[in-house]
Amino acid sequence: MRMVDVIEKKKHGGILSQDEIDFVVQGYVNGEIPDYQVSAFLMAVYFKGMAKREIADLTLAFVNSGDKNDLSSIQGIKVDKHSSGGVGDKLSLVIIPLVASVGVPVAKMSGRGLGHTGGTIDKLESIEGFKTVLDKETFIENVNRHKMAIVSQSSNLTPADKKIYALRDVTATVDSIPLIASSIMSKKIASGADCIVLDVKVGSGAFMKSIAEAVELARTMVEIGKSLNKKTIAIVTDMSQPLGHEVGNANEVKEAIQILKGEGAEDETTIALTLASYMAILGGVFEDFATAYAELDRIIKSGRAVEKFKELVRIQGGNPEVIDNPNMLPQSKYHIEVRSSESGYVSAIDAEKIGLTAMLLGAGRAKKDDVIDFSAGVTMLKKVGDKVDKGDVLCILHTNSANAQEAIAICQRSYSFSTGEIKLSNYIHEIIQ
Ligand code: URA
């Protein structure tokens, strides 16, 4: 087989066979096919798309390129959750203990943040002592005993996806639905869970900017799951502004604790409860959504959910006192108020710009190896729909950097205003199963 023929076929919209897809993926990982040919192939996929069967084959080729987690020694139906990435998305911190508290085992592997989006592993590492690397036996034992464990993604999980993702990043081929869907689903399938709940974000802070595109991505991923015998549900959720009020690492942990205590913002509480309800249904604990939602809400209000988070912190070596006293989390030296230059109603907050602001303050990485500052971040006092007067504080920027001028300017530009009242978006746009 010759790579040039595969490129030629896809360039004309041909449907590739499983052998052809395996040839591309294996050849690239082995170093036999050069970057320039895979770049041309990715661009052909970008313009011509892929059929359902091709996307499933591509997903499997990624899965087969590296390690696969064997979770068979964990009792019960293992349910995983994935978010397509957003700003202020601390929901995994809430959902893991919440779902575990009704007995559904959650064996979670998560990633780190890059660019304007944060990563669950970085957030947890802002808790003193919290270990995000566990040996396999401890990981399995914690899930069997406590119904939950979370670790940083293994370096040899889907190496083909890793190599191709890096190439997509520099060839303007990231925003292709077949490529995003196969990339995300390959990691979920290699992670070994039986069922998957996907949080597909849509809006200014997400890959998908329109609901139609997000629904298409969600449907594509649900179909991949089904074709590979993993029950999959996708929930399209709003990311037209950052979630909740906090963006950063330590301050997102603080806000996750509030949600788990029943004191969280309405948007993130609703989305967390919805995702957790579907996980608990797939895990076989509840039959219908209304019962699952009401019961999980009751668990939050009873204090059991936050206690379960404390247990997670303790069993992974973190200081559990942080849960009762979140001021023990890292604190920055400077707290800069960003004030409104207009009066009116907040009509939009560009989530990507707020994510960028947090990154510039030290909370995120511009490059993969950058060191992050756990205490840096943004507290949004005003959200979409709020009435503001000129001079009101919109946000507080937390940083250890004495020079935050660029971050202040981007933060200011992320807000838009209108003179009339604003109709708020739904938090949940669609559920695909
Ligand atoms: N997240 C992934 O893991 N892969 C993509 O392609 C996009 C988002």
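Residues numbered from 1 in each chain as written. Predicted model: local features only at pLDDT ≥ 70, side-chain atom pairs only at ≥ 80, totals over all residues. Heavy atoms only, no water.

Visitor: Would you take a moment to explain the site of the ligand for this structure?
Guide: With respect to spatial proximity, the complete set of residues near the ligand consists of Tyr165, Arg168, Ile180, Ser183, Ile184, Lys187 and Phe207. Between Arg168 and the ligand, the recorded distance is 2.9 Å, taken from a side-chain N or O atom to an oxygen atom. For the ligand, the accessible surface in isolation is 240 Å², of which the surrounding protein chains cover 89%. Among the elements of the structure, α8 (159-169) and α9 (177-191) are those that each provide at least two residues to the shell around the ligand. Here the shell around the ligand takes four residues from α9, the largest share from any one element. Looking at side-chain class alone, the shell around the ligand contains four nonpolar, one polar and two charged residues. (Near = heavy atom within 4 Å. Polar contact = N/O pair within 3.5 Å; in protein donor to acceptor, adjacent residues only side chain to side chain. Areas by Shrake-Rupley, 256 points an atom, 1.4 Å probe, with all protein chains shown as cover. Helix = DSSP H or I, 4+ residues; strand = E, 2+ residues; numbered from the N terminus. Nonpolar A, V, L, I, M, F, W, Y, C, P; charged D, E, K, R; others polar.)

Visitor: Can you walk me through the nonpolar core in this structure?
Guide: A general trend in soluble globular proteins is that nonpolar side chains are found buried together. Counting residues in hydrophobic clusters, the biggest one holds 77 residues, and the most contacted among them are Ile127, Phe309, Ile354, Val378, Cys395, Leu397 and Tyr415. A per-element tally of this core places helix α12 (residues 266-282) first, with nine residues. Inspection of this core shows a minimum of three residues originating in each of domain 2 (79-154 + 191-324) and domain 3 (330-418). Once you skip the residues sitting within four places of it in the chain, Ile354 turns out to touch Val87, Pro242, Val247, Ile349, Val378, Met380, Cys411, Ser414 and Tyr415. Formed by 57 residues, the second largest nonpolar core is a distinct cluster that contains Met50, Ala160, Leu179 and Val222. (Core = buried A, V, L, I, M, F, W, Y, C linked by side-chain atoms within 4.5 Å. Buried < 20%, exposed > 50% of the residue type's maximum accessible area, 1.4 Å probe, protein only. Domains from an automatic or database assignment. Contact = heavy atoms within 4.5 Å.)

Visitor: What should I look at first to understand the sheet that holds strand β10 (residues 387-388) in this one?
Guide: Strand pairing in a sheet takes place through backbone hydrogen bonds and is either antiparallel or parallel in direction. Spatial ordering of the open sheet is given by β10-β8-β12, a layout of three strands whose pairing is antiparallel. One side of each edge strand has no neighbouring strand; the edge strands of this open sheet are β10 and β12 (415-418). As paired elements, strand β8 (residues 344-349) and β10 share two bridges and run antiparallel to each other. Across the sheet, residue Tyr345 finds its bridge partner in β10, namely Lys387. Across the sheet, helix α17 (residues 405-414) touches β8 and β12, and the angle it forms with β12 is around 35°. (Pairing = 2+ DSSP bridges. Axes fitted to C-alpha atoms, helices over the stretch in contact; angles between N-to-C directions.)

Function cannot be inferred from these measures alone, as they are strictly geometric.
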